[in-house]
Amino acid sequence: MEKDLAMPSGDAGPSAGSDSEVADSALPGEMQPHSRPGEHAVSVLWSFGKCLASLLPVYLAGYYGFSISVVLFFLVIYMGWRHGREGKTTRLQSAMYLLENEQDITTTRVFRSKRDLPSWVNFPDVEKVEWINKIIQQAWPFIGQYLEKLLVETIAPSIRASSTHLQTLSFTKVDLGDKAMKVVGVKAHTEHDKRQVMLDLYISFAGDVEINVEVKKYFCKAGVKGIQLHGKLRVILEPLIGDVPLVGAITMFFIRRPKLDINWTGLTNLLDIPGLNAMSDTAIMDVIASFLVLPNRLTIPLVADLHVAQLRSPLPRGIVRIHLLEAENLAAKDHYIKGVLAGKSDPYAVLRVGTQTFTSRHVDNNLNPQWREMYEVIVHEVPGQELEVEVFDKDPDQDDFLGRVKLDLDIVRKGRLLDEWFTLKDLKDAPSGQVHLRLEWLSLLPSAERLSEVLRRNQNLTVSSKTAEPPSASILVVYVDRAQDLPMKKGNKEPNPIVQLSAQDTTRESRTVYGTTDPVWEDAFTFFIQDPLKQDLDIQVKDDDRSVSLGGFSIPLSRLLVTTELTMDQWFQLEHSGPASRLYLKAVLRVLWLDEDAIPTNPVSPCPTSPGSGQGEGGATSDPAGGSSLSPKPCPPTRPQNTSPDVGFATEGVLRIHLLEAEDLEAKDSFMGRKGKSDPYVKMRVGGVTFKSHVVKENLNPTWNEMYEVILTQLPGQEVQFELFDKDFDQDDFLGRFKVSLRDLIISQFTDQWYTLNDIKSGRVHLVMEWLPRVTDPGKLDQIMEFQSQQSYHNKTVPSAALLFVYVERAHGLPLKKSGKEPKVGAELALEGVASRTKICERSTSPRWDEAFHFLVHDPRKDILTVKLSHSWGQPLGSAFLPVREILTLPDLVLDRWLPLDGALPESEVLIRAEVKLLNPKQAECLSLCGEVVEAEEAAEIDMLIPSRNMADTPENENLRHRASASASASASASSTTLWSCGTCSGDSEEKGRGMVNLTFFYNTDQGELMITVHECSDLPASTKDGSNPYVSFILLPDESRSTKRKTTVKKRDLNPVYKERFDFSMSLEEAKQKRMELTVKHSASFMSREKEVLGKLVLDLDQLNLGRAVSCWYKLTAEDA
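In this text the structure is predicted, and so the values were computed from the model without any measurement.

Caption draft 1: Representation of the overall build of the protein in the model. Of regular secondary structure, the protein possesses 17 helices and 54 strands. Across the 1122 residues in the protein, those meeting the buried criterion constitute 44%. Counting only carbon and sulfur atoms, one obtains 53% of the accessible surface of the protein, whose full area is about 59800 Å².

Structure follows, in structure tokens:
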């Protein structure tokens, strides 16, 4: 084994030469290297020169009269450098050997022989990925070529241009070596967010890299020969999209600082001097951390139109409030009279979460200290980030280590509150006392509804330590993007701007952007805010010398409290700056909230133990001072009373697709050489789900009238795909296809239109699609159910009335198997014949799943959710039944609690969260208002039958009924901010003889234009036996010059014409409200024809409409003489 470990190297020291001579002497005589006498003489002279050079410092010290201490000082520095250099070389060689012989070392050294390795042993958390390492090894030379090209052609010219002293800089050698970087393990996290893939890559690089730099002007040479880098790199692939490349961006970062070791050469050898080596490695690590260690991230976008800022600087996952309460049974480290008398300790604690570090006060001469201090830390990533608590004994020289404890903060997130004693471990991993911590997970609320309650709680929270900060009520996250048109410095020089942000006595600075008036920073900052009602955010833009101000402004945080989701994302004008100087930033405020149900009523204290319980945990231990004390048992964790789902829970929506008809399809069937028709059907694909309509036999204008519903997550890039086929016995013929963007559907909410088929000569399809609005008002259920009862579809589908979200977190106190072993538990959820299953947990009577499901609910008043627990889908372990109607009686339609299990033990329960979102379509909303419209029309009819004296002769009275109907329709439409249409508010069915017209009115305040869109007409009367040739003509009165008169195109022989033509009018909003539209639908006939021209008429006052919203509605046409 020692022979295997011998790794000769050029930098191995004097032994390298002797080994080479031995190797040469072992060769046969004819293969011995032939050396010439001249070469031997040069070697002797070189050895003599090195001896003189080593004696030169001693001679110079005596010549100039220096003290011998100077010589000794430099000798010590040289020995320290040599020792550090050899240590780095040894560590690099050992790491390289370990990576090359990982399998042999694991199987040979850890186990006595390979036969001792059990076949069932596996490592489910971290997986080996040797195939990736083979790819990296194969591509490593080409990566080296790319790096050499990058350094020589890009980086070197940039360095030479940056300084006149470096104009002769060049890279003389760039070689990545033969040792490629290795990925020693991968851990995938897929259970937290279904819209991303999270990977932890355990990377290890111990390479023989050689990079040399030379500055010829100063005869300087420097470089690197060997690098070690070990760490855990987290890679997040998000968002997942429904289009190539399937991933929107790649985000990479180290959760903790990686370990770095560099072997320097040339002039940079000085960095290996003791003292300088730690400083140089720390400086380089700081540079790496500024880009790749949390909270910094490297984001590489893969698609366009992606919010990279949100991925590079996302909101924290949460805040952990740490209460450092006390410790017990710490080790005694103080001794007096050279250890004759044993003392105690002066303990203090150091707490770390990532780069955040806090130090408590020290307590003199106490092995059971009381601190009672509180700290707040930002958690950027869970799982992954850890809380590390180290306890030390305060000493005048070097503090003694007393113990440490580490805790994954994901445990705190899931438990919401932990109030426990944690065992400290010393350097030998032996127990060395306990520390009492209370850890609270504070969620980030995007509304200010509970701010007053949070402030009241914080007033009652007392902090005994004078050094601890008061509790925070919220956090402020500020993303500084860029600035424009900053003023020049004196002398008309471009500034080097930075941004200073101040909030609550805390000031942060951005990086410096050199030589520009339009800097781009893209920096994020986080502040703890105690009371957002009383504090401001002050922003100053300055030159890098901090003496010249380029402008600034202040934002009262109370302004954020009244904005949507407590967010401001806009340009801000800079005060005391240039006339066009402005700064773009995004400020997000989040209220810190701890669920009060998770707070225990009594404080947790050390559990009592029995003196007779023996040694170890809970037993008597020897006190260093000579006495004995009881070591408390760790208390069991508090069982949470509520679930802790991911932030993406219950964010899905429902897309409803109504497939109506098609027309002008191509004929694909032929019989005996004669052209026939087609048997069309439609395939629809969206979100991985496929629907297929029924086949309409021999019809080129088929009518389907089928409805489909699908639950979707709002991801970018998703599309709804439609394909039409002709059903045949052998292979179905293609009839066309088209796609609809899901994003456009979500924005418009409702669409009713014809879609032209692509990749085919003719044909179009009529669809009604709606992204269903979700409401939590139980009063809407009756109108939803009424609308549901009035719908009838060919495929017998019943529209869903609600969407049920279920989060199954854990179970507790389940019974054992019949054999007495703990069960492997899985949960099955069922609703209306639709069932879903969780994963099967490992053996436990308190399993945890943390899985989310969703169901479409057709009748919330009758449907029942069933949750069945079983062992590996066999032996039943209990079941729970939850009627959906019970959730309808709860606030916000949310149930979050433990449910007892039937058919199990009395203490058996399952913790679930169930949320109901009612699906309120626009047609149902319009249907609820239809009764009001009819009542208004009936009242108008009564007023017309018995008119008052002052109204009987007014011309406005003629249109009273219609204007009342239009006003009611407009008021019904005003509840929606998106474009939608509905035919149920068109009036009485008996008066549809003249047809209807669909119009949209909208006033664009940015352009100062009134926009009128004529969409279509319906049920127009026929003027001839072939139908009508309708067109729409209208004018806005009063209009003396008739400049507002417009008309659409003519549609030949069509009683349901579709126009979709928009007309714009430049006028003020006040002018628009004073206009009255006179609209007529006419039949286009020949000049000599006696056929009746006017098909219907409409008069509408625009002051009765809400012109600020784009609302489409049907209006009833009346006869010309009405």
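Caption draft 2: Representation of the sheet that holds strand 44 (residues 875–883) in the model. Across the sheet, four strands lie side by side as 41-40-43-44; this open sheet has antiparallel pairing. In the strand order of this sheet, the two ends are held by strand 41 (834–837) and strand 44, each with one partner. Taken over all neighbouring pairs, the strand axes of this sheet differ in orientation by 20° on average, direction set aside. Two strands pair when backbone bridges link them, and strand 40 (residues 825–831) and strand 41 are joined in this way by four bridges, in the antiparallel orientation.

Caption draft 3: Seen up close, the packing of aromatic side chains. What the rule picks out here adds up to 16 aromatic pairs. Judged by centre distance (5.2 Å) and plane angle (5°), the ring pair of Phe-738 and Tyr-755 falls under stacked. Of this pair, Phe-738 sits in strand 35 (residues 733–741) while Tyr-755 sits in strand 36 (residues 750–756); the two residues are 17 residues apart in sequence, bridging distant segments of the chain. Taking relative accessible area as the criterion, Tyr-755 reaches 12% and is therefore assigned buried.

Caption draft 4: Representation of a nonpolar patch on the surface. There is a patch of nonpolar side chains on the surface, built from Leu-56, Tyr-59, Leu-60, Tyr-63, Tyr-64 and Phe-66 and spanning about 720 Å² of accessible area. Structurally, Tyr-64 can be placed in the loop between helix 3 (37–63) and helix 4 (68–100).

Caption draft 5: Molecular detail of the nonpolar core. Judged by nonpolar contacts, the single largest core of 38 residues is most densely connected at Leu-804, Leu-865, Leu-869, Val-916 and Leu-918. Beyond its immediate stretch of four places on either side in the chain, Leu-918 contacts Pro-773, Arg-774, Val-775, Asp-777, Pro-778, Leu-781, Ile-784, Ala-801, Ala-802, Leu-888 and Leu-893. Counting residues in each nonpolar core, the second largest holds 37 residues, with Leu-486, Ile-529, Ile-539 and Leu-557 among its members.

Caption draft 6: Highlighting the sheet that holds strand 32 (residues 689–692). Spatially, 32-31-34-35 is the arrangement adopted by the four strands of the open sheet, whose pairing is antiparallel. Pairing within the sheet leaves two strands with one partner each, and these edge strands are strand 32 and strand 35. Taking each pair of neighbouring strands and ignoring which way they run, the sheet shows an average axis angle of 15°. In this sheet, strand 34 (residues 719–726) lies alongside strand 31 (residues 680–686) in antiparallel orientation, the contact comprising six bridges. Across the sheet, residue Pro-680 finds its bridge partner in strand 34, namely Asp-726.

Caption draft 7: Region of interest: the side chain of His-436. If you trace the backbone, His-436 turns up in strand 17 (residues 431–445). Its relative accessible area of 2% is what places His-436 among the buried residues. At a separation of 2.7 Å, a polar atom in the side chain of His-436 contacts the side chain of Asp-419.

Caption draft 8: Structural context of a negative patch on the surface. On the surface, Glu-148, Asp-175, Asp-178 and Asp-208 cluster together into a patch of negative charge. Mapped onto the fold, Asp-175 is located in strand 1 (residues 169–175). For Asp-175, a relative accessible area of 32% gives the class partly exposed.

Caption draft 9: Fine view of unusual backbone geometry. Cis geometry marks the peptide bond from Glu-238 to Pro-239, where omega comes out at -10°. For the bond running from Leu-1037 to Pro-1038, omega is -5°, close enough to zero to count as cis. Locating Pro-1038 in the fold gives a position in the loop between strand 49 (1030–1037) and strand 50 (1046–1047). Although it is not a glycine, Asn-365 sits at a positive phi angle of roughly 50°. Within the secondary structure, Asn-365 is located in the loop between strand 12 (356–359) and strand 13 (370–379). Look at Glu-522: it is not a glycine, yet its phi comes out positive at around 55°. Its place among the elements puts Glu-522 in strand 21 (residues 520–529).

Caption draft 10: Spatial organisation of the pattern of salt bridges. The final tally for this structure, using the stated rule, is 42 salt bridges. Glu-381 is paired through a salt bridge with Arg-297; the nearest N and O atoms lie 3.1 Å apart. Here Arg-297 lies in the loop between helix 7 (276–292) and strand 7 (298–301) and Glu-381 lies in the loop between strand 13 and strand 14 (386–393), a separation of 84 residues in the sequence. Given a relative accessible area of 10%, Arg-297 falls into the buried group. For the salt bridge of Lys-668 with Glu-666, the shortest nitrogen-to-oxygen distance reads 3.5 Å. By relative accessible area, Glu-666 is classed as buried at 16%. One continuous salt-bridge network, built from bridges that share partners, spans Asp-410, Arg-413, Lys-414, Glu-809, Arg-810, Arg-848 and Asp-850.

Caption draft 11: Here's a closer look at the pairing of strand 25 (residues 582–593). In terms of burial, strand 25 is largely enclosed, as 10 of its 12 residues are buried. As paired strands, strand 24 (residues 567–573) and strand 25 are joined by seven bridges and run antiparallel to one another. From the neighbouring strand, Thr-567 faces strand 25, where its bridge partner is Val-588.

Parameters at a glance
Residues numbered from 1 in each chain as written. Predicted model: local features only at pLDDT ≥ 70, side-chain atom pairs only at ≥ 80, totals over all residues. Heavy atoms only, no water. Helix = DSSP H or I, 4+ residues; strand = E, 2+ residues; numbered from the N terminus. Buried < 20%, exposed > 50% of the residue type's maximum accessible area, 1.4 Å probe, protein only. Areas by Shrake-Rupley, 256 points an atom, 1.4 Å probe, with all protein chains shown as cover. Pairing = 2+ DSSP bridges. Axes fitted to C-alpha atoms, helices over the stretch in contact; angles between N-to-C directions. Phe/Tyr/Trp six-rings, centres within 6.5 Å; stacked < 30°, edge-to-face > 60°. Patch = residues over 30% accessible without salt bridge, like charges linked within 9 Å, V, L, I, M, F, W, Y side chains within 5 Å. Salt bridge = Lys/Arg side-chain N within 4 Å of Asp/Glu carboxyl O. Core = buried A, V, L, I, M, F, W, Y, C linked by side-chain atoms within 4.5 Å. Contact = heavy atoms within 4.5 Å. Polar contact = N/O pair within 3.5 Å; in protein donor to acceptor, adjacent residues only side chain to side chain. Lys, Arg positive; Asp, Glu negative; His and termini not counted. Charge placed at Lys NZ, Arg CZ, Asp CG, Glu CD.

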